[in-house]
Every structure is written in C-alpha cells, then in structure tokens.
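# Structural description and commentary
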Amino acid sequence: MEKRTDVLVIGGGPAGVVSAVTAKKYYPEKDVLVMKDIENGVIPCGIPYMFASLKNPEDNKFGNASLEKNGIDIVIDKAIKINKEEKFVKTAKNDKYFYKKLILAVGSTPINLPIKGIDKKRVYPIYKELGYLKSVVDDIKKCKKVLVIGGGFIGVEFADELSKIEGLSVTLVETLPHLLANSFDPEFFLMAEERLKEKGVEILTSTQVEEIVGDEIVEKVRFRGGEERDIDAVILGVGSKPNIELAVDAGLEVGRAKGILVDEYGRVSLDPDIFAIGDCSCKKDFYTRKAIPVMLASTATAEARIAGANLYQIKVVRENKGTIAIYSTYIDGLVLGSAGLTENTALKEGFEIIIGTEDGVDKHPGTLPGTSQGKVKLIFSKQSGIILGGQVSCGMSCAQAINIIGVAIQKRMSATELETLQIATHPYLTSAPTMYPIILAAQNACSNMRV
Ligand SMILES: Cc1cc2nc3c(=O)[nH]c(=O)nc-3n(C[C@H](O)[C@H](O)[C@H](O)COP(=O)(O)OP(=O)(O)OC[C@H]3O[C@@H](n4cnc5c(N)ncnc54)[C@H](O)[C@@H]3O)c2cc1C
C-alpha cells in the first residue's frame with residue numbers, strides 16, 4: 001500500500017505526540033500522521049510508580065486522546081527505511097508513506113550493559129511498553145530480593161518505589177562513589193542517600209556488578225571483588241541510547257553524544273525536510289555547547305514544540321540556545337531539583353564561580369502544619385554575575401522552585417535580578433516574602449561577589 005501525508009511523524013512517545021499536535025495547530029490545513037511501532041505506550045516518567053503507587057499499572061497508559069482530538073492519523077507500523085530522495089518511508093508491513101516533512105521522534109532504547117549473564121530471565125531493562133511492564137510488575141511482586149542497577153534518577157526512583165512493596169528487600173548499586181552525582185552536588189545527593197537508607201534500601205556505591213549468576217533465571221549477582229548476593233530479580237536503571245539506526249542508514253549525520261545532529265530548530269544537517277527531536281537527537285549544553293547525553297521528556301517536548309511550529313517556516317524563533325538538563329526527582333516526600341551546571345561541573349569546565357545558598361521553610365510561619373525544610377544553592381559566574389545553575393531540596397509544596405531557576409538560566413538572569421525578583425507568596429503555599437530562599441540565595445551570592 002502507498003499513502004501520502006504532508007507531515008509524517010515516526011514515534012509515538014512524548015516528542016512524537018507533541019510535535020504532531022503542534023504541527024496541526026500551526027498548520028491546520030496539513031495532514032499529520034503519527035507512525036508508532038507499539039500499540040500501547042506508557043507515560044515514561046510514571047513507569048516507576050506502576051509498581052506500587054498506582055493501583056493498576058494500566059493507569060499509566062499513554063493514550064491517543066490528544067492525537068485523536070486534533071484530527072491526527074495514527075498507524076501502528078515500524079519504519080524500516082527512509083528514502084530521502086523520493087521522500088518516503090518504508091515500513092515493516094511493506095507499506096510506503098510519502099511525506100513532505102518528516103519528523104524523527106524515535107526515542108531511545110535501554111543500554112545493554114556488558115555484564116555476563118545480563119540476558120537471564122528476571123533481568124529487566126525498562127522498555128516503555130505497557131504489556132511488557134505489566135508483566136514486570138507482576139513478576140517483581142512475587143520476588144523477595146530485588147537489585148536495581150544504576151544510581152541516577154531512574155534507579156533512585158525505582159528503589160524508592162520498590163521499597164513500598166511489602167516483604168521486598170531492595171538493593172541499589174552504583175559504580176560512582178555517590179547516587180545522583182552527575183546532576184547534584186554533595187549536600188543534595190547525600191540527602192537522597194540518607195532518605196533511601198531510612199526507607200530500608202541498601203545502597204552499594206563504588207560497586208560494579210560483574211556477573212549475573214543462575215541457570216536460566218537470575219539467582220545471584222557477583223560484584224567486582226568477588227562478593228556475591230542472592231537476588232530474585234534485577235532492574236536495569238542505567239540509561240538509554242538514542243535510536244539512530246534509521247537516520248544513519250539514510251545518511252544523516254550523528255553528533256558526538258551519539259544523537260542525530262540537528263540545528264536549533266530540530267532540522268537535520270543534510271535535508272531541510274527532515275527533523276529529529278527528543279531522545280534520538282543530539283543535545284548541546286546551554287553554556288558550553290558541548291554535546292551532552294541528556295534524555296528527558298521535558299527536553300523532548302520543548303524540542304517537539306519548536307520543530308512542530310517551524311516545519312514549513314521559522315515561526316517560533318528559538319531563544320533557548322541549548323539544553324539546561326532540568327529535572328526534579330522525588331524520594332519518599334523529599335523533592336530534589338537540578339538545572340544547569342552543578343558547582344562540580346562548572347569548576348570542571350573552567351568557570352570562575354560564586355555560590356549563594358539559603359536554607360528555609362516552604363510555608364510561613366514555619367510552625368504551620370505540614371511545613372518542610374528546604375535548601376537552595378545557586379551558582380553564578382563570578383565576574384558577570386549570570387546564573388549558571390541551581391539545585392533545590394524541599395517538600396512537595398515547592399517542587400516548582402527548580403522551574404523558577406530554570407527560567408532564570410534560560411533568560412541568563414543575574415544575581416541582582418534574582419535578588420530583586422517580584423514573587424507571589426501565601427502562608428500555606430510558599431516561604432515568607434521576607435525569607436524567600438531563591439531570593440536570599442541570590443542575595444548571599446551578591447554579598448559573596450563583593451568580598
Ligand atoms: C523509568 C523512566 C523514568 C523517567 N522519568 C522521567 C521524568 O520524570 N522526567 C523526564 O523529563 N523524563 C523522564 N524519563 C525520560 C523520558 O522517558 C524520555 O526522555 C522520553 O520518553 C523521550 O521521549 P521521546 O518521544 O523522544 O522518545 P520515546 O519515549 O523513547 O518514544 C519513542 C517512540 O518511538 C517508537 N519508535 C522507535 N523506532 C520506531 C520506528 N522505527 N518506527 C515506529 N516507531 C518507532 C518507540 O517505540 C517509542 O514509542 C524517564 C525515563 C524512564 C525510562
């Protein structure tokens with residue numbers, strides 16, 4: 001069969017869906033078609049919560065409502081080849097889809113760790129597919145001891161969530177000396193470690209799994225150094241690699257962090273009618289312009305909005321000139337957020353910096369029921385006073401604090417601008433205007449600059 005469409009989006013994850021909806025909003029007269037190779041996806045950020053917090057794993061299904069509501073066609077098929085000269089995509093069902101504009105939103109696949117025995121049964125990579133994850137949830141609930149490999153935010157969130165399952169003991173393994181060490185400075189990642197330990201999670205840092213042992217099914221793991229541990233199941237929370245095979249096969253360029261190389265509007269380098277967005281595309285750091293392996297749904301959807309709007313003309317000028325790697329995570333009521341450069345990375349990259357910090361509470365007076373303690377750390381360029389990054393820890397009510405910092409980074413705000421920020425406050429909802437932690441941290445940085 002041959003089909004023609006104006007806009008063909010390959011991939012039905014956050015990037016694909018948002019780019020299709022945006023394209024339809026900016027170009028309502030164009031036909032938009034989303035091709036996806038799995039019928040039932042999941043909301044990726046909700047995956048850890050399918051194990052205990054959600055009553056039914058099905059509640060995390062990523063439905064088609066927004067596509068259907070916007071008159072976007074959907075086809076379940078796998079794209080296997082792009083013919084960019086004749087502008088069509090060939091599929092696994094042997095159909096041809098001709099396009100005017102093509103968006104590659106093919107995402108990423110879990111990294112296959114080079115560990116002996118990794119292919120044994122009950123070793124689970126995190127595929128974003130509902131049927132698969134439902135069976136993983138069922139299996140894990142029958143286990144007594146689970147090992148999570150990877151101390152980034154995905155592994156941490158899994159460990160926290162799995163520790164809610166009664167009778168299941170959880171061990172989290174990380175090769176680096178600390179959890180979350182790539183996106184937080186010590187004062188924050190130590191809080192995460194503390195909170196997980198309080199929940200009964202065993203944390204093994206500076207530890208490497210060398211072999212997964214068992215006949216067909218995992219029975220134990222062997223760490224480098226020889227120590228062994230009995231285990232019923234392993235969750236791999238070690239990150240993903242961009243899906244670039246289609247692009248490489250079509251002769252498109254790939255960047256240093258292994259994603260498809262694109263410009264600020266998501267256009268690939270060698271074809272004005274092909275765009276690549278989300279996990280499959282190459283990201284550049286906001287301040288250093290270095291290629292960085294950031295894979296976040298929030299970044300993916302920001303890129304999708306830019307590409308969707310700019311398919312036929314540059315309608316939305318991209319002011320964000322890079323990726324700020326902004327995210328928050330949650331561990332048993334503790335919210336941690338990070339955006340931009342950490343102190344550690346800024347120093348490694350050669351920035352001369354000034355730090356501003358402030359501890360505070362998220363309600364006022366701090367004696368109100370439900371008040372929690374928080375911490376803000378802001379990193380500024382010493383001479384120019386421009387913000388480079390920030391981290392927060394807080395309770396549930398101030399989870400948006402990191403997003404204020406994210407906006408400040410994208411707008412390249414100075415410490416003085418942050419010190420004089422106009423904000424809304426309310427006793428139940430925020431810190432006091434007299435003691436607002438982001439403002440006081442900026443003030444602290446300003447006085448450190450004068451020293
Ligand atoms: C456990 C977990 C928790 C996470 N939590 C967060 C979070 O809290 N916050 C956050 O910002 N990010 C989070 N992420 C990261 C986030 O999931 C990804 O950044 C996001 O899914 C990227 O979206 P995408 O659309 O680019 O790719 P994907 O979500 O990978 O979607 C790509 C889609 O394309 C389909 N596809 C691939 N190849 C083809 C083909 N040839 N033909 C047709 N279809 C194809 C795939 O099947 C898939 O459905 C989390 C990830 C995981 C695994």
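Residues numbered from 1 in each chain as written. Predicted model: local features only at pLDDT ≥ 70, side-chain atom pairs only at ≥ 80, totals over all residues. Heavy atoms only, no water.

## Re the overall build of the protein chain
Check the secondary structure of the protein chain and you find 11 helices and 28 strands. Computed over the C-alpha atoms, the radius of gyration of the protein chain is 23 Å, within 12% of the 22 Å expected from 2.2 N^0.38 for a compact globule of 451 residues. Taken along its principal axes, the extent of the C-alpha atoms in the protein chain is 70 × 55 × 40 Å. Sequence-distant contacts in the protein chain: of pairs separated by 6 or more residues, those separated by 24 or more amount to 65%. A total accessible area of about 20500 Å² is found for the protein chain, and carbon and sulfur atoms account for 52% of it. (Helix = DSSP H or I, 4+ residues; strand = E, 2+ residues; numbered from the N terminus. Rg over C-alpha atoms; globule rule 2.2 N^0.38 Å. Contact = heavy atoms within 4.5 Å. Areas by Shrake-Rupley, 256 points an atom, 1.4 Å probe, with all protein chains shown as cover.)

## Digging into helix 4 (residues 153-162)
Here helix 4 lies mainly inside the structure; 8 of its 10 residues are buried. Turning to helix 4, its buried residues number three or more, namely Gly155, Val156, Glu157, Phe158, Ala159, Asp160, Glu161 and Leu162. Where helix 4 is buried, its residues touch helix 3 (130-141), strand 13 (145-149), strand 14 (169-173), helix 5 (186-198), strand 19 (233-236) and strand 24 (327-331). (Buried < 20%, exposed > 50% of the residue type's maximum accessible area, 1.4 Å probe, protein only.)

## Re the site of the ligand
Around the ligand sit 33 residues in total, of which Asp37, Pro44, Lys128, Asp279 and Ala297 are the nearest. About the coverage of the ligand: the protein hides 90% of its 1000 Å² of free accessible area. At the level of elements, helix 1 (14-26), strand 3 (32-36), helix 4 and helix 7 (297-309) are the ones that each hand at least two residues to the shell around the ligand. A class-by-class count of the residues in the shell around the ligand yields 20 nonpolar, 7 polar and 6 charged. (Near = heavy atom within 4 Å. Nonpolar A, V, L, I, M, F, W, Y, C, P; charged D, E, K, R; others polar.)

## Some words on the environment of Val254
Topologically, Val254 is positioned in the loop between helix 6 (245-249) and strand 21 (274-276). Expressed as a C-alpha distance, the spacing of Val254 and Cys280, which sit 26 residues apart in the sequence, is 9.8 Å. In this structure Val254 touches Ile244, Val248, Gly259, Ile260 and Leu261, once residues within four positions along its chain are discounted.

## Quick notes on the sheet that holds strand 10 (residues 101-104)
Working definition: the strands of a sheet are paired by backbone hydrogen bonds and lie parallel or antiparallel to each other. Taking strand neighbours across the sheet as the criterion, the 5 strands line up as 6-3-2-10-21 in an open arrangement whose pairing is parallel. Strands at the two margins of the open sheet, each flanked by one partner only, are strand 6 (73-76) and strand 21. Direction aside, the axes of adjacent strands within the sheet are offset by 20° on average. Relative to strand 6, strand 3 runs parallel, the two sharing 4 bridges. Paired with Val34 across the strands is Ile74, a residue of strand 6. Docked against the sheet, helix 1 engages strand 2 (7-10), strand 3 and strand 10, running at close to 170° with respect to strand 3. (Pairing = 2+ DSSP bridges. Axes fitted to C-alpha atoms, helices over the stretch in contact; angles between N-to-C directions.)

## Re empty space enclosed by the protein
Inspection of the entire model under this criterion finds 2 cavities of 30 Å³ or more. Estimates place the volume of the largest cavity at around 50 Å³. Roughly 40 Å³ of volume is contained in the second largest cavity. Residue lining of the second largest cavity: Gly12, Val17, Lys36, Phe62, Gly63, Asn64 and Leu67, and that is the complete set. Taken together, the residues of the lining of the second largest cavity break down into 3 nonpolar, 3 polar and 1 charged. (1 Å grid on protein atoms, 1.4 Å probe; cavity = no way out; pocket = protein on both sides within 12 Å on 5 of 7 lines; lining within 4 Å. Points joined across faces, edges and corners; volume = space filled by probe spheres on them.)

Just distances and angles here, no functional claims.
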